[in-house]
Amino acid sequence: MPNTQTISGSCLCGQVKYQATAVPLFQAHCHCQDCRKNCGSAFAALVFVPVDSLNWQGETKTYTHKADSGHTMTKHFCSNCGSQLFGENDAKTDRIHIKVGTMDDANWFHPQCNVWASSRLPSTAINPDVKDFATMPIPPAKT
Ligand SMILES: [Zn+2]
Ligand SMILES: [Zn+2]
């Protein structure tokens, strides 16, 4: 059972700052191509928290797109420096994810699984202690 975490962080320029005190709902690495493009990185490190537990100060811009699952994804990023901070999925509106790289202290972060492991880049190391899911373990949207 994960412990309550006091999570704080900011974008690169500091215009957006955030705080959450929560038991993380889910911690994961995501290897899908959407996350790679969104983060500009080989994979995304994400912590999901209850949406009510997250407060932020400063202006974010949002970008909304459809995932392969058919769900609508909304990304929040700093309108000044472009850092990717948060993401929402219309399949689970009670939660929001925080990009681990924006946290002031993420030493406690421990991914419970790899999602979209089937899209993992060949150079990304495999941790045998972290469970792989070939895709996303959320049912697809009804179309
Ligand atoms: Zn910024
Ligand atoms: Zn992803």
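All of the points below concern the structure found in this document. Just so you know, these numbers come straight off a predicted model, no measurement behind them.

### Structural notes on the coordination of the zinc ion (ligand 1)
Item 1. Looking at the zinc ion (ligand 1), the protein donor atoms are Cys 11 (SG), Cys 13 (SG), Cys 78 (SG) and Cys 81 (SG), and they sit 2.3 to 2.4 Å from it.
Item 2. Note that the zinc ion (ligand 1) binds four donor atoms; their angles at the metal cover 105 to 114 degrees, and the shape is tetrahedral.
Item 3. Site description for the zinc ion (ligand 1): donor spacing in sequence, C-x1-C-x64-C-x2-C. Placement of Cys 13 in the loop between β1 (5–10) and β2 (17–22) and of Cys 78 in strand β7 (residues 72–78) is noted, with a sequence separation of 65 residues between them.

### Notes on the packing of aromatic side chains
Item 1. Counted under the stated rule, the structure contains three aromatic pairs.
Item 2. For the ring pair Tyr 18 and Phe 86, a centre distance of 5.2 Å and an interplane angle of 80 degrees mean the geometry is edge-to-face. Residue Tyr 18 is located in strand β2, and its partner Phe 86 is located in strand β8 (residues 84–89); the two are separated by 68 residues in the primary sequence.
Item 3. For the ring pair Trp 56 and Phe 86, a centre distance of 4.7 Å and an interplane angle of 35 degrees mean the geometry is tilted. Residue Trp 56 is found in strand β5 (residues 54–57), and its partner Phe 86 is found in strand β8; the two are separated by 30 residues along the sequence.
Item 4. Under the relative-accessibility criterion, Trp 56 is labelled partly exposed at 31%.
Item 5. Residue classification places Phe 86 among the buried positions, given a relative accessible area of 0%.
Item 6. Three or more aromatic residues link up through ring pairs in this structure, and these residues are Tyr 18, Trp 56 and Phe 86.
Item 7. If you follow Lys 131 out to its NZ or CZ, it ends over the ring of Phe 133, 5.0 Å from the centre.

### As for the environment of Val 23
Item 1. Here Val 23 is to be found in the loop between β2 and β3 (26–30).
Item 2. Val 23 sits in the partly exposed class, given a relative accessible area of 30%.

### Observations concerning the sheet that holds strand β9 (residues 95–99)
Item 1. Sheet architecture is open: eight strands sit in the order β6-β7-β8-β9-β4-β3-β10-β11, paired in mixed fashion. Since the sheet does not close on itself, it has two edges, and those belong to β6 (60–66) and β11 (131–132), each with one partner.

### Examining the sheet that holds β1
Item 1. Taking strand neighbours across the sheet as the criterion, the three strands line up as β1-β2-β5 in an open arrangement whose pairing is antiparallel. With one partner strand each, in any of the chains shown, β1 and β5 form the two edges of the open sheet. The average angle at which neighbouring strand axes cross in this sheet is 10 degrees, direction not considered.

Rules and cut-offs
- Residues numbered from 1 in each chain as written.
- Chains lettered and ligands numbered in written order.
- Predicted model: local features only at pLDDT ≥ 70, side-chain atom pairs only at ≥ 80, totals over all residues.
- Heavy atoms only, no water.
- Donors = N, O, S within 2.8 Å, 3.2 Å for Na, K, Ca; no water.
- Tetrahedral: all angles 85-135°; square planar, octahedral: opposite > 155°, others 65-115°.
- Helix = DSSP H or I, 4+ residues; strand = E, 2+ residues; numbered from the N terminus.
- Phe/Tyr/Trp six-rings, centres within 6.5 Å; stacked < 30°, edge-to-face > 60°.
- Buried < 20%, exposed > 50% of the residue type's maximum accessible area, 1.4 Å probe, protein only.
- Lys NZ or Arg CZ within 6 Å of the ring centre and 35° of its normal.
- Pairing = 2+ DSSP bridges.
- Axes fitted to C-alpha atoms, helices over the stretch in contact; angles between N-to-C directions.

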